[in-house]
Amino acid sequence: MSDAAISIQNLQKTYAGGKTALHGVSFDVPRGQIFGLLGPNGAGKSTLINILAGLVNKTGGKASIWGFDIDEHPRNAKRSIGIVPQEILFDPFFTPKEALEIQAGLYGIPRAERRTMELLRAVHLEDKADAYARTLSGGMKRRLLVAKAMVHTPPVLVLDEPTAGVDIELRQQLWAYVRQLNEQGVTVVLTTHYLEEAQELCDRIAIINHGRLIANEPTASLLSKAQEKVVEVTVDRDLAAVPQSPLFEKAELKGERVIAITYQKDRANAGDVLAAVSAAGFGVVDVSTREADLEDVFLSLTSDRAAA
Ligand code: ADP
Ligand code: MG
């Protein structure tokens, strides 16, 4: 038994048509965290989450939720997790209040223990309690789904791309609620395309690409990779070899007279780098610099070159 909130070992999924969406993914989500699962479209994020939700059958590997193996203890595993799916699917004829009551019924929660109005208040839908779902905006539906996922008070909440198509104000409200739940002890897993969002909210970030895990680190350490800066220097004659310096993280030939030098912002600046190039006997003809950020880290990790 694992004491992680979610533990995944060598998880595999090949769909009936032959498409392999997960090629053996392993990681743990520590309890109490906000954990980000990032990856480009088609990476396998929803497949992974739908396996946890019991909506997709895995073809290999193991997964447990709150210590409950999803095969051996499916009921306990399901009770331990609330999932907000990527696709919004709704019965348009139920009101938010009814939708939550029905959900509570599915989980066998006695009337006296239901928290329908409390949940609606938490997601700012109290005044829509009796409105038909079809009259709700996209953002309201999304928030109703969050309330629905929390009906059985699971210790783990998973949100699959919860802010796609949600405007900025509602996004802020949603994140405020997610943070509040996390402060109350709920472990949160979210997939998102918005890197700034992941950067701001998540304690730890895992990145998957083409069904494989390519990073799994505390956000701060992933961001420290974004401390890297690249300067391209054009020199006054052909380069037989790349000049070396202990200040350089990496130096690569980009052309006969162009070198791309990567350095750590906290250890050097562009002036130091140019001085090192001059000291190696070259005249500097042209310089361009570029700031790296989480997006660069992400792109460099998910580029097909990196995956190969
Ligand atoms: P993500 O959520 O990261 O965008 P998905 O898990 O939705 O990725 O998809 C991963 C891969 O599996 C994609 O190539 C997608 O086309 C494929 N896929 C997803 N669902 C199905 C399905 N029901 N049948 C066949 N292939 C699927
Ligand atoms: Mg998806």
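A look at the sheet that holds strand β4 (residues 60-65)
Spatial ordering of the open sheet is given by β2-β1-β4-β5, a layout of four strands whose pairing is antiparallel. Each edge of the sheet is formed by a strand with only one pairing partner; in this case those strands are β2 (20-29) and β5 (68-69). Both strand β1 (residues 6-14) and β2 contribute to a ladder of seven bridges, which runs antiparallel. Across the sheet, the residue bridging to serine 7 is aspartate 28, located in β2.

Looking at helix α3 (residues 96-106)
Looking at α3, one finds that the buried residues are Pro96, Ala99, Leu100, Gln103 and Ala104. Seen end-on, α3 carries its buried residues on one side only, within an arc spanning 135°. Residues of α3 that are buried sit in contact with α4 (116-122) and α5 (138-149). Glycine 108 occupies a position one or two residues after α3 and carries a positive phi of about 70°.

Quick look at the pairing of strand β12 (residues 250-253)
Bridging between β12 and strand β13 (residues 258-264) involves four bridges; their strand directions are antiparallel. Counted as the bridge partner of glutamate 252 is alanine 260 from β13. The hairpin formed by β12 and β13 contains four residues between the paired strands.

Topic: the domain arrangement of the chain
Taken domain by domain, the chain comprises domain 1 (1-80 + 154-224), domain 2 (89-153) and domain 3 (228-291). Relative to domain 2, the C-alpha centre of domain 1 lies at a distance of 23 Å. Across the boundary between the two partners, domain 1 contributes 17 residues, which contact 13 residues of domain 2. When the two sides are added together, the surface that domain 1 and domain 2 hide from each other amounts to roughly 1,300 Å², 67% of it contributed by carbon and sulfur. When the buried surface of domain 1 facing domain 2 is broken down by residue, Arg79, Pro154 and Tyr177 rank first, second and third, together holding 43% of it. Applying the counting criterion to the domain 1 and domain 2 interface returns zero salt bridges. For the interface between domain 1 and domain 2, the tally reads three residue pairs in polar contact (both at pLDDT 80 or more). Put simply, the parts of the chain that give the side of domain 1 that touches domain 2 at least two residues each are α2 (74-79), β7 (156-160) and α6 (168-183).

Parameters at a glance
Residues numbered from 1 in each chain as written. Chains lettered and ligands numbered in written order. Predicted model: local features only at pLDDT ≥ 70, side-chain atom pairs only at ≥ 80, totals over all residues. Heavy atoms only, no water. Pairing = 2+ DSSP bridges. Helix = DSSP H or I, 4+ residues; strand = E, 2+ residues; numbered from the N terminus. Buried < 20%, exposed > 50% of the residue type's maximum accessible area, 1.4 Å probe, protein only. Arc of directions from axis to C-beta. Contact = heavy atoms within 4.5 Å. Domains from an automatic or database assignment. Buried area = accessible area lost by both parts, 1.4 Å probe. Salt bridge = Lys/Arg side-chain N within 4 Å of Asp/Glu carboxyl O. Polar contact = N/O pair within 3.5 Å; in protein donor to acceptor, adjacent residues only side chain to side chain.

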